[in-house]
Amino acid sequence: MIQFENVSVTFKDGKKPVQAVKNVSFAIEDGDIFGIVGGSGAGKSTLLRTINQLQKISDGNVLVNGKPVRDLKHRDLHDLRKNVGMIFQHFNLAESKTVFQNIAFSLEDAGWEKADIEKRVTELLDFVHIADKRDVYPAQLSGGQKQRVAIARALANNTSILLCDEPTSALDAETTTSVLKLLKEVNEKLGVTIVIITHELDVVKTICNKVVVMKDGSVVERGDVYSVFTDPQHPFTQELLAHEQNFKLPDEIWNTATGGIYRLVYKGDAATDSVLSEVTVENHVKFSILHGKIEYIAAKPLGILYVTLQGEEANVAAVVEKLQQRIFRVEKQERDENSTKRSSEMLESIIAVRGDILVSLGQTFYMVSIALVFAIILGTILGLLLYVTENPLFVQKELVNKIIGVILNIIRSVPFLILMILLLPLSKLIVGTKIGSKAVIVPLAIASIAFFARLAEASFADVSNGVVEAFISTGASKFKVLLQIILPEALPSLIKNITVTAISILGFSAMAGLVGGGGLGDLAYRYGYQRYKTEIMIVCVVILIVLVQLIQTLGDIIVKRVDKKRS
């Protein structure tokens, strides 16, 4: 059994504490396949990792088979982790080891005899159905095969608990089905208790028997999967499930339907019984099925039908009454005057967060403007250095040119989100924090400088060498030629490239929002993805599009004025 007792986990952002898990208490029984669901940032992964102490607990405790884990150290912690296996979204296999070696590693560490290791790994390879991949390296495996290796590795020490951190998120639908089937076998044949965190509700519906729903670090609902998914009580759970269970009838159906439209929800055996046919025939009412589906949650059916009922008003009322007695729920559907009502709701939602939108817009402007200033100043200097160290008319220094070029290319080749994560220690050192728009300035400026430096180099290289030679031949110093000839000649091209850089920085700033970087990207992610406020995401996207157009238009106007002045 796994028992969470008032578990809290707090991180520090500078001096500010951030509570990722808040006073969570519930139990997971032996033999459960237990799901933990919720939006991004709900605290699911953090909570899961407290079980094997990959994440330290700030307050409260977790009991595994009756033993508190919070203060375990050294040998006791090692023994806990031998009993609690874990698999991950990205498999986390050692690429330098074969399938056999990946699985055998923990057994070797535990001091198993060579013959016993051979026997155990062979058993596991047979169990996960990849015996033919024994001596293959991970790079030669498909995603599903890699996850099977990870499952075998997690089970190697005869573990009794298996933790699954988004185990199917990186897999296609067909492979997901096969991996879930294997996890079911692990539970049923080996008696292993499984804890799964996922954002894929279908995973929970397919194999879990119990579930908790988390929001903002707290558990808002828990129970058996069928009860929670068919009759959610908390507004967040209802919102989470509404995306899957509700169906919007097209306007054409509302315009042509005769009779009232009803949503019928069937649970258990009623989902496959011919209840609707029986009660409508008895009461001389006709029905038409507009939309419907039956799905299985924890192997139990849930049916949803949208139907029209046509007949005398009293007869329809009798049908509705009998249906209410025999099925789970009958809901009369009213036409959603969506163009007015939904627009009004969306407008109200946008107005409610107008302060956040203005703050995010200010953060975006702050990030972009500072990064752009650094890019223009330092990028221009680096671009000039690249130009003069390559051009034989100046101080051709091939080694210096290559060193600067390689450094810039390395920075440009790293995806911005990865660069941002790599530079977190530098951000902390320079601005005193690793999160927010302030912290993003450092990686944003570095990426922008490298980006603009190469564009500036190209702008200088476009200046005619003949023009440069002509002015150098007058006896003017090369430095003066750089400042008074090459820079002015390259100005229209530089302005165009500054425009391109500003737009790119705007895009980088939006990406930074995905990892807590502030600005419009952060606002769109928090409201659009985590809270399903699509209208807020749309507003953020529209603002970004408008900003791009404004930057491009401003750049074009300046270039035209510069060109006009010269013509």
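Residues numbered from 1 in each chain as written. Predicted model: local features only at pLDDT ≥ 70, side-chain atom pairs only at ≥ 80, totals over all residues. Heavy atoms only, no water.

1. Topic: the sheet that holds strand β6 (residues 84–87)
In sheet architecture, strand pairing relies on hydrogen bonds along the backbone and comes in two forms, parallel and antiparallel.
Right, on to step 1. The strand order across the open sheet formed by six strands is β6-β7-β8-β3-β9-β10, and the pairing between neighbours is mixed. Across the chains shown, the open sheet's two edge strands, defined by having one partner strand only, are β6 and β10 (218–224). Strand-to-strand twist of the sheet, defined as the mean angle between neighbouring strand axes without regard to direction, takes the value 15°.
Right, on to step 2. Sheet topology places β6 next to strand β7 (residues 161–165); four bridges connect them, and they run parallel. Opposite methionine 86, over in β7, you have leucine 163 as the bridge partner.
Right, on to step 3. Seen against the sheet, helix α2 (residues 74–83) touches β6 and β7 and runs at an angle of roughly 60° to β6. (Pairing = 2+ DSSP bridges. Helix = DSSP H or I, 4+ residues; strand = E, 2+ residues; numbered from the N terminus. Axes fitted to C-alpha atoms, helices over the stretch in contact; angles between N-to-C directions. Contact = heavy atoms within 4.5 Å.)

2. A word on the pairing of strand β4 (residues 59–64)
Right, on to step 1. Counting buried positions along β4 yields five of six residues, so the element is predominantly enclosed.
Right, on to step 2. Examined bridge by bridge, β4 and strand β5 (residues 67–68) share two bridges and lie antiparallel to one another. By the bridge assignment, valine 64 is partnered in β5 with lysine 67. (Buried < 20%, exposed > 50% of the residue type's maximum accessible area, 1.4 Å probe, protein only.)

3. Quick look at the confidence of the model for the chain
Close inspection of predicted coordinates is inappropriate in any region flagged by low pLDDT.
Right, on to step 1. Residues of the chain with pLDDT of at least 70 account for 95%, and the chain-wide mean is 86.
Right, on to step 2. Mean pLDDT per element in the chain: helix α13 (residues 338–352) is the minimum at 62, and β4 is the maximum at 94. (pLDDT = per-residue confidence, 0-100.)

4. Topic: the side chain of asparagine 401
Right, on to step 1. Counting through the fold element by element, asparagine 401 comes out in helix α15 (residues 398–413).
Right, on to step 2. On the basis of relative accessibility, which here comes to 14%, the residue asparagine 401 falls in the buried class.

5. Here we look at the packing of aromatic side chains
Right, on to step 1. Going through the model one piece at a time under the given rule, you end up with five aromatic pairs.
Right, on to step 2. Between phenylalanine 4 and phenylalanine 26, the ring centres sit 4.7 Å apart and the planes meet at 35°, which makes this aromatic pair tilted. Of this pair, phenylalanine 4 sits in strand β1 (residues 2–13) while phenylalanine 26 is found in strand β2 (residues 16–28), placing the two residues 22 residues apart along the sequence.
Right, on to step 3. Classification of phenylalanine 4 by relative accessible area gives buried; the value is 0%.
Right, on to step 4. By relative accessible area, phenylalanine 26 is classed as buried at 4%.
Right, on to step 5. On the basis of an interplanar angle of 55° and a centroid distance of 5.7 Å, the ring pair of tyrosine 387 and phenylalanine 394 is categorised as tilted.
Right, on to step 6. Three or more aromatic residues joined by ring pairs make a cluster, and in this case those are Phe4, Phe26 and Phe34. (Phe/Tyr/Trp six-rings, centres within 6.5 Å; stacked < 30°, edge-to-face > 60°.)

6. Description of helix α5 (residues 143–155)
Right, on to step 1. Across its 13 residues, α5 extends 19 Å between first and last C-alpha, which sits within 8% of the 18 Å expected from 1.5 Å per residue.
Right, on to step 2. Among the 13 residues that make up α5, 10 are buried, leaving the element largely enclosed by the rest of the structure.
Right, on to step 3. For α5, the set of buried residues is Gly144, Lys146, Gln147, Arg148, Val149, Ala150, Ile151, Ala152, Ala154 and Leu155.
Right, on to step 4. Among the structural elements, β6, α3 (99–109), α4 (114–127), β7 and α6 (173–190) are those in contact with the buried residues of α5. (Expected span 1.5 Å × (residues − 1).)

7. Quick word on the nonpolar core
Right, on to step 1. Counting 54 residues, the largest nonpolar core has Ile103, Ile151, Leu162, Leu183, Ile194, Ile196 and Phe229 as the members making the most contacts within it.
Right, on to step 2. At six residues, the largest contribution of residues to this core is made by α5.
Right, on to step 3. Setting aside chain neighbours within four positions, we find isoleucine 103 in contact with Val121, Leu124, Leu125, Val149, Ala152, Arg153 and Ala156.
Right, on to step 4. Ranked by size, the runner-up nonpolar core spans 30 residues in total, among them Val7, Phe26, Phe34 and Val212. (Core = buried A, V, L, I, M, F, W, Y, C linked by side-chain atoms within 4.5 Å.)

8. Here's the deal with the sheet that holds strand β11 (residues 260–267)
Right, on to step 1. Read across the open sheet, the four strands follow the order β12-β13-β11-β14; overall the sheet is antiparallel. A single partner strand is all that each edge strand has here, and the edge strands are β12 (286–297) and β14 (329–332). Taken over all neighbouring pairs, the strand axes of this sheet differ in orientation by 15° on average, direction set aside.
Right, on to step 2. Bridge count between β11 and strand β13 (residues 300–310): eight bridges; the pairing is antiparallel. Bridge pairing links tyrosine 266 to glycine 303 in β13.

9. Describing the packing of α15 against helix α18 (residues 437–461)
Right, on to step 1. It is at 9 Å that the axes of α15 and α18 come closest, and there the two elements cross at 125°. Considering their axes alone, α15 and α18 lie oblique with respect to each other. Crossing handedness for the pair α15 and α18: left-handed. Contact residues: Gly405, Leu408, Asn409, Ile411 and Arg412 in α15; Ile446, Ala447, Ala450, Phe451, Ala453 and Arg454 in α18.
Right, on to step 2. Across the contact of α15 with α18, the residue classes tally to seven nonpolar, two polar and two charged. (Parallel < 35°, antiparallel > 145°, perpendicular 65-115°, else oblique. Left-handed = near helix turned anticlockwise from the far one by under 90°. Nonpolar A, V, L, I, M, F, W, Y, C, P; charged D, E, K, R; others polar.)

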